[in-house]
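Below, each chain spelled out in residue letters.
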Amino acid sequence: MSGPVVHSAPMVTVLISSTLNSYSSEKRFNRGLTLAELKCKLELVVGTPASCMDLELYSLDNKLIMRMDSDDSLLGSYPVDDGCRIHVIDKSGSRIGEYEDVSKVEKYEISNDAYEQRSDSVRSFLKRNKMGQFKDESLAKSDLEQKLAVDKSLSETIAVGARCEIHTAGQPTKRGTVMYSGLVDFKPGYWIGVRYDEPLGKNDGSVNGKQYFQCPSKYGAFVKPQFVTVGDFPEEDYGLDDEM
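A quick note: this is a predicted structure, and the numbers were derived from the prediction, not measured. (Residues numbered from 1 in each chain as written. Predicted model: local features only at pLDDT ≥ 70, side-chain atom pairs only at ≥ 80, totals over all residues. Heavy atoms only, no water.)

(A) Spotlight on the pairing of strand β4 (residues 64-68). As judged from the 4 bridges shared by strand β3 (residues 53-58) and β4, these two strands associate in the antiparallel manner. When the sheet's bridge partners are listed, L55 is paired in β4 with M68. Connecting β3 to the antiparallel partner β4 that follows it, the hairpin turn spans 5 residues, and N62 within it adopts a positive phi of roughly 65 degrees. (Pairing = 2+ DSSP bridges. Helix = DSSP H or I, 4+ residues; strand = E, 2+ residues; numbered from the N terminus.)

Quick look at the structure:
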């Protein structure tokens, strides 16, 4: 009478299923483990105490091969090949899916005051580095004031009545006359009001009901000072007065 077959390969990859879980997981074990040692490892996989396990071995085509009931026997003494399934039968009285329902897991909670006192939290990191919502307000204010100062300095070099060209990214160069220079109500900062030579604008010199300068509809626009170049730019003759 022949005994159990001992496989030479030291490791074997098997599927692990149990009566407690609706899923199976793939694990790799040393064939030199005793079944008692194997059960201790499976306890971490399926949640069943090692002392409450019965093991069954299934073939690659999912047919029961045999029960694995000798805790002193080596895993390699059983006909376990890669892809076989070891099924854990739970005898502890637990119910299927009991360890899958995360709603029953007690969650760690901390009060806002306690979290505020921690030095290893994300919030403390952001505070130390003045990032996100904790960015230094004085720095942000300083940046805004510096930008306004630059806008003001540029706008003061652009006189009302001067001829100009407007250069904005992605748009053709436009010529016109400076009609306004200063602060406005509709947006922060300093703006230049321009009456274009052609109807390429957006307004008649008024925005939100406030009139900043006079010009025909669609001839007026407001642009930032850095896009305005003042110079001797004569009005181009578009032949609008030529006879047909």
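(B) Main features of the side chain of D197. Note on placement: D197 falls in the loop between β8 (190-196) and β9 (206-207). Here the side chain of D197 touches R163 through a polar contact of 2.7 Å, side chain to side chain. Ignoring sequence-local partners within four residues, the contact set of D197 consists of R163, R175, G176, Y219 and E235. (Polar contact = N/O pair within 3.5 Å; in protein donor to acceptor, adjacent residues only side chain to side chain. Contact = heavy atoms within 4.5 Å.)

(C) Looking closely at the pattern of salt bridges. On inspection of all chains with the given rule, the structure shows 8 salt bridges. Here E56 and R67 are joined by a salt bridge, their closest N and O atoms 3.8 Å apart. Separated by 11 residues along the polypeptide, E56 in strand β3 and R67 in strand β4 bring together distant segments of the chain. Exposure remark for E56: the relative accessible area of 11% places this residue in the buried category. A relative accessible area of 40% means that R67 is categorised as partly exposed. Members of the salt-bridge network, linked through shared partners, are D54, E56, R67 and K91. (Salt bridge = Lys/Arg side-chain N within 4 Å of Asp/Glu carboxyl O. Buried < 20%, exposed > 50% of the residue type's maximum accessible area, 1.4 Å probe, protein only.)

(D) Just the nonpolar core, in detail. Within the largest apolar cluster, 19 residues are counted, with the highest numbers of intra-cluster contacts made by L38, M68 and I86. Those elements that provide at least two residues to this core are β1 (11-18), α1 (35-46), β3 and β5 (85-90). Among the elements that line this core, the one with the most residues is α1, at 4 residues. Excluding residues that lie within four positions of it along the chain, L38 makes contacts with F29, L33, L55, L75 and I86. (Core = buried A, V, L, I, M, F, W, Y, C linked by side-chain atoms within 4.5 Å.)

(E) Representation of the environment of A50 within the structure. Tracing the sequence through the fold places A50 in the loop between α1 and β3. Spatially, the C-alpha atom of A50 lies 7.7 Å from that of A36, the residues being 14 residues apart in sequence. Among residues more than four places away in sequence, those in contact with A50 are K39, C40 and E43.

(F) Structural context of the sheet that holds β4. Strand order in the open sheet formed by 5 strands is β2-β1-β5-β3-β4, and the pairing between neighbours is mixed. Each edge of the open sheet is held by one strand with a lone partner, namely β2 (25-30) and β4. For this sheet, the mean inter-axis angle between neighbouring strands, taken without regard to orientation, is 35 degrees. Set on the sheet, α1 makes contact with β1, β2, β3, β4 and β5; between it and β3 the angle comes to about 95 degrees. (Axes fitted to C-alpha atoms, helices over the stretch in contact; angles between N-to-C directions.)

(G) Just the sheet that holds strand β6 (residues 163-166), in detail. Judged by pairing direction, the sheet is antiparallel, and its 5 strands sit side by side in the order β11-β8-β7-β6-β12 without closing on themselves. Every other strand in the sheet has two partners, leaving β11 (220-223) and β12 (228-230) as the edge strands with one partner each. Here the average twist between neighbouring strands, direction ignored, is 45 degrees. Pairing of β6 with β12, which is carried by 3 bridges, proceeds in the antiparallel orientation. Bridge pairing in β12 places E165 opposite T229.

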